[in-house]
Amino acid sequence: MYKANKNQVPEMSRFVVFSVIFFIFIFVTGSAAFVLSMRQIIQLNKGSELTQLLEIERVKLETSVNNEVVIALKIASSPLVEQYFSNPQDPVLSKIAVNEFASSRRAFASELIFWVNDIDKLFYYNDIEPYLMDPDNPDNYWYNMTLYETEVYNFNINYNPDLNVTNLWINAPVFNSEGKPVGMLGTGIDITTYLEMINKNLADGTQIYLFNSAGEITGARDPLLVAEKRHIEEELNLNGIDIFNKATELVPYETQLVDTPLGRIAIGTVPLLEWYSVAVMSDSIDDYKTAMTALFIVVLFVIVAIFIIFNFFLSGLLKPLHKSMKEAEQANRAKSAFLANMSHELRTPLNVVIGLTDLVQEEDKLPGNISENLRKISNAGNTLLSIVNDILDFSKIESDKLSITPAEYHVSNLLNDVIAMMITRIGEKPVVFKLNITDDLPEKLFGDELRVKQILNNLLSNAFKYTEKGSIELTINASIAENADDADKKNVWLEIAVSDTGIGISEENQKRLFTDYYQVEDTTRRKIEGTGLGLSITRKLCEMMNGKISVESETGKGSIFHVSICQGFAGYVPIGKTAAENLRAFRYAEGKNMEKKKLVRADLSFAKVLLVDDMQNNLDVASGLLRKYKMQVDCVLSGQQAVQKISQEDPVYNAIFMDHMMPGMDGIEAAAAIRALGSEYARNVPIVALTANAIQGTEDMFYANGFQAFLSKPINIAQLDSVVLKWIKQ
Ligand code: ADP
């Protein structure tokens, strides 16, 4: 059977949620995997790109420097230059030499030439007017270095702040025939323009730096770095990666790749100049603008499309399923409503059967066989009533309407009622009933007495039903525990065991015992009445009291049902020795029964009561019971008639007994209409509800609607007595 649950998310939206979560999972893990592998590929590509870049730029630089060196050396070794440098005052020589310099100048890429001879120390630079140079000025250190320390050529680098250019100077000494230096000449290479050219061709985020063996930057996109002789380590802050050291450890022409926070970098050498180079390529989102990324995004879109199509497809498939689920739900509700209605309809005539039987049974001097037959009718009526009650409870469980209504109750009364009812079931059977309780069992508890009684009744009546001889024992232990939710409150855990020596239940059947409608099928049980609902209701009731139920049983030997339920603590009053002994000896029960039989009704001949019920049979039963108090009972068949009677104010009634379910105006509406009449009498006359509608749970509703008391049908004589005595006053 399908059980509808209102809180359930419908299957379809659950699947949509699942799809979305699944897609997010694919998206996150897929993206992570994609980014990681793409990064690896990018780094690999970048590495070889950077290495190539350094290599190409080194070759270009070295080639152009080499060209210039060769030209400079050629001029320096010319005999004309040597002669001129040895005799700078010779005007003819000087003129030829200057012309020669002017024409050789064009051989240099920068078209730049300078020369100084060691005699007049005049510094010539292109066509500019020569000036006298002081070799002892530290700025001109290169002069003495070239003449006296250099064999072939040297380099020096300087930055010209006026022109904002960095020049690499090639200096070559000129020797006379005796090998003595007579002057020097050289040319400059404009590194700035050269590096600008390189850097211009580089992609965004890529840069090349050159630095010398002291770590000073000798070439960079920003010429100021060269002017300031900025250290490469200062410029490239790489979180402790010492690129200068790494560079100096390289052998000539070697390159090395390093991963740094800036991105991937390559370090290389420029052996000709004894310099190093470093190329930096920073990471950027543009690195990912590749065909692979496009492919990845397309795949994601395809997955989304698949999910959407799949969801649509599934919702189409689920529609008929939904429809049948809804229908099943409706059918189930209709069934529960039917069961509830039917049990109500059954209780009404039962009320009459049991009520009238009890009424007649009370007559004195009945012939023995009639008395016996009446007893049997009453028993059958009560059995039927308990079945109807089970059905009503079960339909309440099905529609989630079963509730627990806690109040303070007396444990001794509860046990007395349960035992009194059970004892009658023993009948002729050779069965001994034993109650195991201790004197310190709490006398008062806070809980739903009727529902606890129902649990005990169900278990005991099963025990009596399925035991032909031997014994049945009811054991109850109580323990006090802290209330987990509220430290100021205490709980009482009742451990209940009902054991019997009956036919027992096989292991296989035990597993299915607490499920709906389950009855053990075998020949020994054929004759035994029952609906198979008792234990599933009992289990539900235990769960509602935070407890549980279990069974131990052996076929042919007997069964023990264990129940533990939680009740509220209502004080440390123990049941006491006398009550416990009386209960154990059933005297408590017998005493009460005798009381019931001997019920002495008060003489209320002064009183007039109004009885309202749409069924004549019910009026007969109730008026019969009420007339035993010698009062005047007026009967009406509808709510409207009742309101009319009260509005007349003559006679004045001491109380009204009002049925709940009536066609036209029901009991609740009638009570409201009576209260609305406004007179003091109409506002204060006690109204007692009579209902066959529910066993429990509706009292509060009656109290809230202007009723003073509540009697459930079939009317219990003792309950009626206490209501009558409480509310009917002169
Ligand atoms: P029913 O109304 O049929 O008694 P229950 O739910 O109370 O329904 O019990 C279900 C089945 O469990 C019964 O049909 C019976 O076969 C088995 N059963 C319950 N209690 C006992 C017991 N004490 N001894 C043997 N069998 C039992």
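For every chain, the first residue of the written sequence is number 1, and numbering continues from 1 along that sequence. This being a predicted model, a pLDDT of at least 70 is required before a residue's local features are given, and a value of 80 or more before pairs of side-chain atoms are given or counted; all residues contribute to the totals for chains, interfaces and linings. By convention in this description, side-chain values take in all heavy atoms of the structure and omit both hydrogens and water.

Peer 1: I would appreciate a short explanation of the pairing of strand β15 (residues 470-482) in the present structure.
Peer 2: Remark: a regular strand shows side chains that alternate across the two faces of the sheet. Of the strand pairs in this sheet, strand β13 (residues 431-436) and β15 are connected by six bridges, and their pairing is parallel. Paired with N436 across the two strands is T475, which belongs to β15. Sheet analysis places β15 next to strand β16 (residues 490-500), joined by 11 bridges and oriented antiparallel. Looking at the pairing, N477 lines up with E495 of β16. Whether two strands pair depends on DSSP finding at least two bridges between them. Numbering of helices and strands runs from the N terminus, with a helix taken as a DSSP run of H or I at least four residues long and a strand as a DSSP run of E at least two residues long.

Peer 1: Honestly, the packing of aromatic side chains in this entry has me stumped. Any pointers?
Peer 2: Each aromatic ring pair is specified by the distance between its two centres and by the angle formed by the two planes. Side-chain rings of Phe, Tyr and Trp (the six-membered ring for Trp) are treated as a pair once their centres are within 6.5 Å; stacked means planes under 30 degrees apart, edge-to-face means over 60, and tilted covers the remaining angles. This structure, assessed with the given rule, holds 24 aromatic pairs. Note on F23 and F307: the rings are 6.3 Å apart at their centroids and 80° apart in plane angle, and the pair reads as edge-to-face. Of this pair, F23 sits in helix α1 (residues 11-76) while F307 sits in helix α9 (residues 291-361); the two residues are 284 residues apart in sequence, bridging distant segments of the chain. Each residue is assigned to one of three classes by its accessible area relative to the maximum for its type, calculated with a 1.4 Å probe on protein chains only: buried under 20%, partly exposed between the two thresholds, exposed over 50%. Under the relative-accessibility criterion, F307 is labelled buried at 14%. A ring pair is formed by F211 and F244, whose centres lie 6.3 Å apart and whose planes are at 55°; its orientation type is tilted. Residue F211 is found in strand β7 (residues 206-212), and its partner F244 is found in helix α8 (residues 243-248); the two are separated by 33 residues along the sequence. Considered together, F211 and F244 belong to a single accessibility category, that of buried residues. Among the aromatic side chains, those forming a connected cluster through ring pairs are F114, F123, Y125, Y131, W142 and W169.

Peer 1: Please clarify how the pattern of salt bridges should be interpreted in this entry.
Peer 2: Take a side-chain nitrogen of Lys or Arg and a carboxyl oxygen of Asp or Glu: if they are within 4 Å of each other, that pair is a salt bridge. Tallying each qualifying case throughout the model produces 13 salt bridges. Several salt bridges converge on common partners, so that one network encompasses E55, R58 and E62.

Peer 1: How should I be thinking about the packing of helix α10 (residues 368-398) against helix α14 (residues 534-544) in this particular structure?
Peer 2: Any two packed helices are characterised by the angle at which their axes cross and by the distance between the axes. Fitted lines through C-alpha atoms serve as axes, helices being fitted only where they are in contact, and the angles separating the N-to-C directions of these axes extend from 0 to 180 degrees. Contact geometry for α10 and α14: axes closest at 10 Å, N-to-C directions at 50°. Our classification of the angle between α10 and α14 gives oblique. In this structure, α10 meets α14 at a crossing whose hand is left-handed. Across from D390, D393, F394 and I397 in α10, the residues of α14 making contact are G534, S536, I537 and K540. Side-chain classes are defined by residue name, with Ala, Val, Leu, Ile, Met, Phe, Trp, Tyr, Cys and Pro counting as nonpolar, Asp, Glu, Lys and Arg as charged, and the others, Gly among them, as polar. Of the residues belonging to the contact of α10 with α14, the class tally is three nonpolar, two polar and three charged. Orientation is classified from the angle alone, with under 35 degrees giving roughly parallel, over 145 giving roughly antiparallel, 65 to 115 giving roughly perpendicular, and any other angle giving oblique. Here a crossing is called left-handed whenever its near helix is offset anticlockwise from the far helix by less than a right angle, and right-handed whenever the offset is clockwise. The contact rule is simple, with two residues in contact once any of their heavy atoms fall within 4.5 Å.

Peer 1: Looking at this model, I keep getting lost on the confidence of the model for the chain. Mind explaining?
Peer 2: Predicted coordinates in regions of low pLDDT should not be interpreted in detail. Every residue gets a pLDDT, meaning the predictor's confidence in that residue, from 0 to 100. In this model, the chain carries an average pLDDT of 84, and 93% of its residues clear a pLDDT of 70 or more. Considering only residues more than four positions removed or in separate chains, one finds that residues 1-9, a stretch of pLDDT under 50, has 14 contacts.

Peer 1: Would you take a moment to explain the environment of S86 for this structure?
Peer 2: Along the chain, S86 turns up in helix α2 (residues 79-86). Separated by 260 residues in the primary sequence, S86 and L346 have C-alpha atoms spaced 144 Å apart. Other than its neighbours up to four places away in sequence, S86 contacts I119, N176 and V182. Within polar-contact distance, the side chain of S86 engages the backbone oxygen of E82 at 2.8 Å. As used in this structure description, the phrase polar contact means that two N or O atoms lie within 3.5 Å; if the pair is within protein, one of them must be able to donate a hydrogen and the other to accept it, and residues adjacent in sequence are counted only when both atoms belong to side chains.

Peer 1: Would you mind going over the sheet that holds strand β20 (residues 632-636) with me for this structure?
Peer 2: Taken together, five strands build an open sheet; the order of strands is β20-β19-β21-β22-β23 and the sheet is parallel. Two strands in the sheet have a free side with no partner beyond their single neighbour: β20 and β23 (709-712). This sheet shows a mean twist of 20° between the axes of neighbouring strands, independent of strand direction. As defined by bridge partners, strand β19 (residues 608-612) adjoins β20 across five bridges and the pair is classed as parallel. Bridge pairing in β20 places L610 opposite D634.

Peer 1: What am I meant to see in unusual backbone geometry here?
Peer 2: Glycine aside, the phi torsion of most residues is negative, and most peptide linkages are trans. You will see that Y253, though not glycine, has its phi angle at about 70°, which is positive. You can see Y253 is positioned in the loop between α8 and β9 (256-260). Assessed through its relative accessible area of 48%, Y253 is described here as partly exposed. Here K630, not a glycine, exhibits a phi torsion of approximately 65°, which is positive. For K630, the position within the fold is in the loop between α17 (616-627) and β20.

Peer 1: Sorry if this is basic, but what is going on with the sheet that holds β7 here?
Peer 2: Hydrogen bonds along the backbone pair up the strands of a sheet, which may run parallel or antiparallel. Spatial strand order, β8-β7-β11-β10-β9: five strands in an open sheet with antiparallel pairing. If you trace the sheet from one side to the other, it starts and ends with β8 (217-219) and β9, each paired once. The mean inter-strand angle of the sheet, taken between neighbouring strand axes irrespective of direction, is 30°. In terms of strand pairing, β7 meets strand β11 (residues 275-282) through seven bridges, oriented antiparallel. In the strand pairing of β11, Q207 is matched with V280. Seen against the sheet, helix α5 (residues 191-201) touches β7, β8 and β11 and runs at an angle of roughly 150° to β7.

Peer 1: I keep staring at the packing of α9 against α17 and nothing clicks. Help me out?
Peer 2: Running from amino to carboxyl end, α9 crosses α17 at an angle of 35°, the nearest separation of the two axes being 9 Å. Seen from above, α9 lies across α17 with left-handed handedness. Facing T348, N351, V352, G355, L356 and L359 of α9, the residues of α17 in contact are N617, N618, V621, G624 and L625. Grouping the amino acids of the contact of α9 with α17 by side-chain chemistry returns five nonpolar, six polar and no charged.

Peer 1: Just checking my understanding: could you explain the environment of K729 for this structure?
Peer 2: Summarising the element assignment, K729 is placed in the segment after α22 (717-727). For K729, a relative accessible area of 52% corresponds to the exposed category. Sequence spacing of K729 and L459 is 270 residues, and the spatial spacing of their C-alpha atoms is 42 Å. Apart from residues lying up to four places away in sequence, K729 is in contact with F606 and N654.

Peer 1: What's the story with the environment of G47 in this structure? I'm lost.
Peer 2: On the secondary structure map, G47 appears in helix α1. Sequence-wise, G47 and R264 are 217 residues apart; in three dimensions their C-alpha atoms are separated by 6.9 Å. When sequence neighbours within four positions are dropped, the list of residues in contact with G47 reads L257 and R264.

Peer 1: Even after reading the chapter, I still don't get the side chain of E62, so can you show me in this structure?
Peer 2: Within the secondary structure, E62 is located in helix α1. Dropping the residues within four chain positions of it, E62 is found in contact with Y253, V270, P271 and L272.

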